[in-house]
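Listed here are the chains, written in short residue letters.
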Amino acid sequence: MKPLALPRAVHVVLFDFDGTLADTAPDLAGAVNTMRERRGLPALPLAKLRPWASHGARGLINAAFGIEPHDRDYEPMRVEFLADYEAALCAHTTLFDGMPAVLAQLERHGLRWGIVTNKMARLTAPIVRALHIERRAAVVVSGDTTPYAKPHPAPLLHAAAELGVATSDCVYVGDDERDIVAGRAAGMATVAAAYTLRQQYRADERTMALFPAEVLLQLYSMLGDVRDLKVDLSGPKGRGYKTNAELEYHTDSVDVVGLLCLKTAKAGGESFVASSM
């Protein structure tokens, strides 16, 4: 197993948008189902379409109609899909359950966070505003901000440059293989958002978050030694974490960053907060 690319310090956490930060699948599925209904076809269940949400028009049109970009009908269907989606961008879209607490904890500990997505700016900006995070995100890079989209590293390099930080001081969190490829190519540490992961690529288990709150634990593990942190999979919403003192904590109800900073400080190591300022 290759060694992990560890950041010197974490100053910025960047998130992919669809399927990582925000659950946009209901509205994306709604758009492609509107197209199906227009053609006299029954709507497909969200569970069937959700795995394709991160792939936008290309993935959803393929899932709903079996049409691919090289097919003659693809381009007019793409235009139709975008029009239907734009008409109801944020009817059912929300941040993923647990993500508001993740963002709040990052901010509490002085970490800036931002968004790097392949979604076009005209679609990204209204949703970010509707979710009331436009003033909180330190940077928003859309699919048409730079000449290239992920998996090219250009969008991530642009985000780091906008924030005035080295890419080695950034962590990128995404749910698709292209996110991990782009992050690594940009020189960033990466975390795979496995809670919506569609492609079963060979992601390192040490850098996978099985639910949003575990993003925080992955950040800590990149900066500290957590070999003595044991995982209990019995929790209904998340994992319970046990320290050497055998105290169990649940990530949906505790300040995980604060807890682990304290744990590191007591062990004589550099705290997460100190290395993040």
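First, a word on scope: everything that follows refers to the structure included in this document. This structure is a prediction, so every number in the text was calculated from the model and none was measured.

Digging into the packing of helix 1 (residues 25–38) against helix 3 (residues 56–65)
To characterise two packed helices, one gives the angle between the axes of the helices and the distance between these axes.
Here is step 1 of the chain: One can describe the packing of helix 1 onto helix 3 by two numbers: an axis separation of 10 Å at closest approach and a directional angle of 45 degrees. The angle between the axes of helix 1 and helix 3 places the two elements in the oblique class. Crossing of helix 1 over helix 3 shows right-handed handedness. For the pair helix 1 and helix 3, the contacting residues are L28, V32, M35 and R36 in the first and L60, I61, A64 and F65 in the second.

Describing the pattern of salt bridges
Here is step 1 of the chain: Tallied over the entire structure, the rule returns 12 salt bridges.
Here is step 2 of the chain: A salt bridge links K119 to D18; the shortest N-O distance between them is 2.7 Å. With a gap of 101 residues between them, K119 in the loop between strand 4 (112–116) and helix 6 (121–130) and D18 in the loop between strand 1 (12–15) and strand 2 (22–23) connect regions that are remote in the sequence. Considered together, K119 and D18 belong to a single accessibility category, that of buried residues.

Brief notes about the sheet that holds strand 4
Here is step 1 of the chain: The six strands lie next to each other as 5-4-1-6-7-8, forming an open sheet whose pairing is parallel. Each having just a single partner strand, strand 5 (140–141) and strand 8 (208–209) make up the two edges of the open sheet.
Here is step 2 of the chain: In this structure, strand 7 (residues 189–193) lies alongside strand 8, joined through two bridges in parallel fashion. Across the sheet, A192 pairs through a bridge with M208, a residue of strand 8.
Here is step 3 of the chain: Strands strand 1 and strand 4 of the sheet are contacted by helix 5 (residues 99–108), whose axis makes an angle of about 155 degrees with strand 1.
Here is step 4 of the chain: Packed on one face of the sheet, helix 8 (residues 177–185) meets strand 6 (170–174) and strand 7 and runs near 170 degrees to strand 7.

Thoughts on the pairing of strand 1
Here is step 1 of the chain: Going residue by residue along strand 1, you find V12 and L14 tucked away on one face and V13 and F15 tucked away on the opposite face as well.
Here is step 2 of the chain: For strand 1 and strand 4, the ladder comprises four bridges, and the chain directions are parallel. Each bridged residue has a counterpart across the sheet, and for V12 the counterpart in strand 4 is R112.
Here is step 3 of the chain: When strand 1 meets strand 6, the two strands line up parallel, connected through four bridges. Across the sheet, the residue bridging to L14 is Y172, located in strand 6.

Conventions and cut-offs
Residues numbered from 1 in each chain as written. Predicted model: local features only at pLDDT ≥ 70, side-chain atom pairs only at ≥ 80, totals over all residues. Heavy atoms only, no water. Axes fitted to C-alpha atoms, helices over the stretch in contact; angles between N-to-C directions. Helix = DSSP H or I, 4+ residues; strand = E, 2+ residues; numbered from the N terminus. Parallel < 35°, antiparallel > 145°, perpendicular 65-115°, else oblique. Left-handed = near helix turned anticlockwise from the far one by under 90°. Contact = heavy atoms within 4.5 Å. Salt bridge = Lys/Arg side-chain N within 4 Å of Asp/Glu carboxyl O. Buried < 20%, exposed > 50% of the residue type's maximum accessible area, 1.4 Å probe, protein only. Pairing = 2+ DSSP bridges.

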